[in-house]
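# Fold and geometry: a report
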Amino acid sequence: MGELAAKKHVQYILSVEKRKDDLVSVVMEHLRMNGAYWGLTTLDLLGKLDNVDVDKVVSWVMECQHESGGFGGNIGHDPHILYTLSAVQILALFDKLNVLDVDKVTNYIAGLQNEDGSFSGDMWGEVDTRFSYISLCCLSILRRLNKINAEKAVNYIVSCKNLDGGFGSTPGGESHAGQIFCCVGALALTGSLHHIDKDLLGWWLCERQVKSGGLNGRPEKLPDVCYSWWVLSSLIMIDRVHWINKEKLVQYILDCQDTENGGISDRPDDAVDVYHTYFGVAGLSLLEYPGLKAIDPAYALPVDVVNRIFFGK
Amino acid sequence: MDSDEGNAQRVPLSQRPDWSDVTPVPQDDGPNPVVPIAYKEDFVETMNYFRAVYLADERSPRALWLTAEAIRLNAGNYTVWHFRRLILEALDGDLHDELGFTENIAKSNSKNYQIWHHRRWVAEKLGTDATSKELEFTKKILTLDAKNYHAWSHRQWVLQALGGWDDELQYCWQLLEEDIFNNSAWNQRYFVITTSPLLVGLEAMRDSEVSYSVEAIVAHPENESPWRYLRGLYKGDIESWVKNPQVSSVCLKVLSAKNNSSIFALSTLLDLLCHGFQPSQELRDVVEALKASGPNDQPDPDLAKTVCCILEGVDPMRANYWKWRKSKLMSLL
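The rules behind each value
Residues numbered from 1 in each chain as written. Chains lettered and ligands numbered in written order. Predicted model: local features only at pLDDT ≥ 70, side-chain atom pairs only at ≥ 80, totals over all residues. Heavy atoms only, no water. Helix = DSSP H or I, 4+ residues; strand = E, 2+ residues; numbered from the N terminus. Rg over C-alpha atoms; globule rule 2.2 N^0.38 Å. Buried < 20%, exposed > 50% of the residue type's maximum accessible area, 1.4 Å probe, protein only. Contact = heavy atoms within 4.5 Å. Areas by Shrake-Rupley, 256 points an atom, 1.4 Å probe, with all protein chains shown as cover. Polar contact = N/O pair within 3.5 Å; in protein donor to acceptor, adjacent residues only side chain to side chain. Buried area = accessible area lost by both parts, 1.4 Å probe. Salt bridge = Lys/Arg side-chain N within 4 Å of Asp/Glu carboxyl O. Nonpolar A, V, L, I, M, F, W, Y, C, P; charged D, E, K, R; others polar. Phe/Tyr/Trp six-rings, centres within 6.5 Å; stacked < 30°, edge-to-face > 60°. pLDDT = per-residue confidence, 0-100. Axes fitted to C-alpha atoms, helices over the stretch in contact; angles between N-to-C directions. Parallel < 35°, antiparallel > 145°, perpendicular 65-115°, else oblique. Left-handed = near helix turned anticlockwise from the far one by under 90°.

## A short note on the overall build of chain A
When its secondary structure is counted, chain A shows 14 helices and 0 strands. Its C-alpha atoms give chain A a radius of gyration of 19 Å, near enough to 20 Å, the size a compact globule of 313 residues would have. Expressed along its principal axes, the backbone C-alpha trace of chain A runs to roughly 50 × 45 × 40 Å. Burial status across chain A gives 63% buried among its 313 residues. Long-range contacts, defined as pairs at least 24 residues apart, comprise 66% of the intrachain contacts of chain A with a sequence gap of at least 6. Of the roughly 11,400 Å² of accessible surface on chain A, a fraction of 50% belongs to carbon and sulfur atoms.

So this is what it looks like as structure tokens:
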């Protein structure tokens, strides 16, 4: 069995961060906040976060904050809840949550809750269970879950549950592993996992493992490394991860590495990117691969970071 | 408005008289060395001019044109879409044209969240005028990718907010004719029979839906979707599910035929047994014949246990799940 090319992945992430002049980084400009979260969390899981200039990152993150309290994907961009969670997670990684005006950020998030308990992504009102998870995760990290109607938030998520035990983006939407992570995560963060039929959902999730060992996100779809995170973290949260074949999944993720130049791709021999590098390493962390820090399946942050937030350790 | 489309030679904005009064604003994240890629130069220049009109809050026809340029170069930038909506509102722009614009962009970016969100914003403003256009539009996208999650979400929203349910069950049928493994179409079918105001609800539809899914199962017993659909038809009424002879007989039929994938038939049978179903001798014999050790062994009186053992063998990837199911049987006793 091959091994994790940890050093190469660190080099790859650091090179992406420095590269501002090529086409990929220009097209990614508007979601740089997400990219920074993926890259920095990967470095932390690999034990190499100290290669980063903390003050530079933190001041850039804070420059992306909008007067409304939300964060944009880059300096001068409009705020969106997607980038707000990444910003909060990055600050948490560096133990810098104290630079935030917590009420300002959490008021922005609380203002996005709708009458039916769902959340919008920004002022334009797109609704999706992704935004429910993001809101609850942000508020939980900042310890302000009391600012929203959590019961309604939970009820909305439960209304998105399907006959196969999974969840979709809105009521009636097809079950999808990414949306399932969001819904299970949101229910875990609010202590509401009893709403899930764990055996039914667990079986659906472990049916996602295909012959190559990789996981897909819906029936009859191709496997993709990102589902190592969405499916695995969900299985862990509902305590059913032992139902899949872990060895085969580890092998699949390792097969998706670029062992020469670093980085991980969606499928073997495809081009690597930061997104899949993060999900590959995070998946291996959930699988307790040696040499990696443990990651928390609900907060998507290293366990020591989560412990520091909640227990001051 | 979009005169540049298809032109081989693009005139840089900096050389156009109608833009001479605007000073472009570069992205504020450090030095941006110039790289000799033509596309990239267009992109950087367009975004620099976009930042200028955005910061000046210029809601003009040329700014609207510029957002179209910027979107064409990178449809993922949500700030550009956001500003485009503000301009459309300010100029009272033609929303039917706007549907045409998003359709063009969607052809090459059908998995982009911003496009779909923008599309819904336009359709919401147009109301029922947009119903048939939106159903046609999603149909077009689904012709290219029948499992496009955004297209399905949009379609469900259109049906619920604007109507147009009349042909939806027929449409599901058509997509399943094309690909019976399409889980999105099965999901839509369930959505229609449980939500459509034109139909009379799940229970009244049950008999015909059971026949439909049984037929699909017999044709492809390895297809996960109709098995789950069949079970879903009895949501909250497990007793009727256990009692319906069609459910156990489709299991028997699949398991009797040689060369069939037996995983879902066996797992359904296991669920039936766990809910008190009494198997016939014929079904017992068929299951016994599937045992790896051969039929010479003493048959186990506990059929459910036998089923679990067979599943461990035929589905090794999920062996732990089937072992757990078996251990749960013991604790039931």
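## Overview of the environment of N223 of chain B
All names here are of chain B. Of note, N223 is situated in the loop between α10 (202-219) and α11 (224-232). Placed 38 residues apart in sequence, N223 and S261 show a C-alpha to C-alpha distance of 9.1 Å. Beyond its immediate stretch of four places on either side in the chain, N223 contacts I180, F181 and W186. A distance of 3.3 Å separates a polar atom in the side chain of N223 from the backbone nitrogen of S225.

## Here's the deal with the interface of chain A and chain B
One widely used convention gives an interface's size as the accessible area the parts lose upon coming together. Across the contact, 56 residues belong to chain A and 51 residues belong to chain B. Together, the buried faces of chain A and chain B total about 4,800 Å²; carbon and sulfur atoms form 53% of this surface. When the buried area of chain A at its contact with chain B is split by residue, W124, L163 and W203 of chain A rank highest and sum to 17% of it. On the surface where chain A and chain B come into contact, there are 3 salt bridges. Of the charged contacts in the structure, one is a salt bridge between D199 of chain A and K328 of chain B, with a shortest N-O distance of 3.6 Å. The interface formed by chain A and chain B contains 25 residue pairs in polar contact (both at pLDDT 80 or more). Going through the elements one at a time, α2 (23-27) and α10 (198-206) of chain A are the ones with two or more residues in the side of chain A that touches chain B. Counting residues per element, the side of chain A that touches chain B draws most heavily on α10 of chain A, at 4 residues. Looking at the side of chain A that touches chain B residue by residue, the class counts come to 17 nonpolar, 19 polar and 20 charged.

## Considering unusual backbone geometry
Residues and elements named next belong to chain A. Of note in the backbone geometry, D239 takes a positive phi value of approximately 65° without being a glycine. Considering the arrangement of structural elements, one finds D239 in the loop between α11 (226-237) and α12 (246-255). By relative accessible area, which is 53% here, D239 ends up exposed. One non-glycine residue, D269, lies in positive phi territory at about 75°. The residue D269 is located in the loop between α12 and α13 (274-286) in this model. Assessed through its relative accessible area of 80%, D269 is described here as exposed.

## Let's talk about the packing of aromatic side chains
Residues and elements named next belong to chain A. Evaluation of the coordinates by the stated rule reveals 31 aromatic pairs over all chains. Ring geometry for F181 and W230: centres 5.2 Å apart, planes at 55°, overall tilted. With F181 in helix α9 (residues 177-189) and W230 in helix α11, the pair connects residues that are 49 residues apart, well separated along the chain. By the burial criterion, F181 is buried, and W230 matches it. Put simply, the rings of Y37, W38, Y133, F181, W229, W230, Y275, Y278 and F279 pair up and form one aromatic cluster.

## Things to note about α12 of chain A
Residues and elements named next belong to chain A. Buried residues of α12: L249, V250, Y252, I253 and L254, and no others. Those residues of α12 hidden inside the fold are in contact with α11 and α13. Measuring from the side-chain oxygen of the N-cap residue of α12 to the backbone nitrogen of E247 gives 3.3 Å; that N-cap residue is N245.

## Remarks on the confidence of the model for chain B
Residue and element names in this part refer to chain B. Per-residue pLDDT for chain B has a mean of 90; in total, 92% of the residues score no lower than 70. Predicted confidence for residues 1-7 stays below pLDDT 50, and this span has 12 contacts to residues more than four positions away or in other chains. The model gives residues 30-38 a pLDDT under 50, and that stretch makes 10 contacts with residues more than four places away or in other chains. Interface confidence for the predicted complex, expressed as ipTM, amounts to 0.93; the pTM equals 0.92.

## Digging into the packing of helix α5 (residues 81-93) of chain A against helix α6 (residues 102-110) of chain A
Residue and element names in this part refer to chain A. It is at 11 Å that the axes of α5 and α6 come closest, and there the two elements cross at 150°. Taken together, the axes of α5 and α6 are roughly antiparallel relative to one another. The hand of the α5/α6 crossing is left-handed. Of α6, the residues touching α5 (which contributes I81, T84 and V88) are V105, Y108 and I109. When grouped by side-chain class, the residues that make up the contact of α5 with α6 number 5 nonpolar, 1 polar and no charged.

## What to know about the environment of M62 of chain A
Residues and elements named next belong to chain A. As for its placement among the helices and strands, M62 is situated in helix α4 (residues 54-63). Owing to a relative accessible area of 23%, M62 belongs among the partly exposed residues under this scheme. Sequence separation of M62 and N155 is 93 residues, and the distance between their C-alpha atoms is 34 Å. When sequence neighbours within four positions are dropped, the list of residues in contact with M62 reads F71, L91, V99 and L100.

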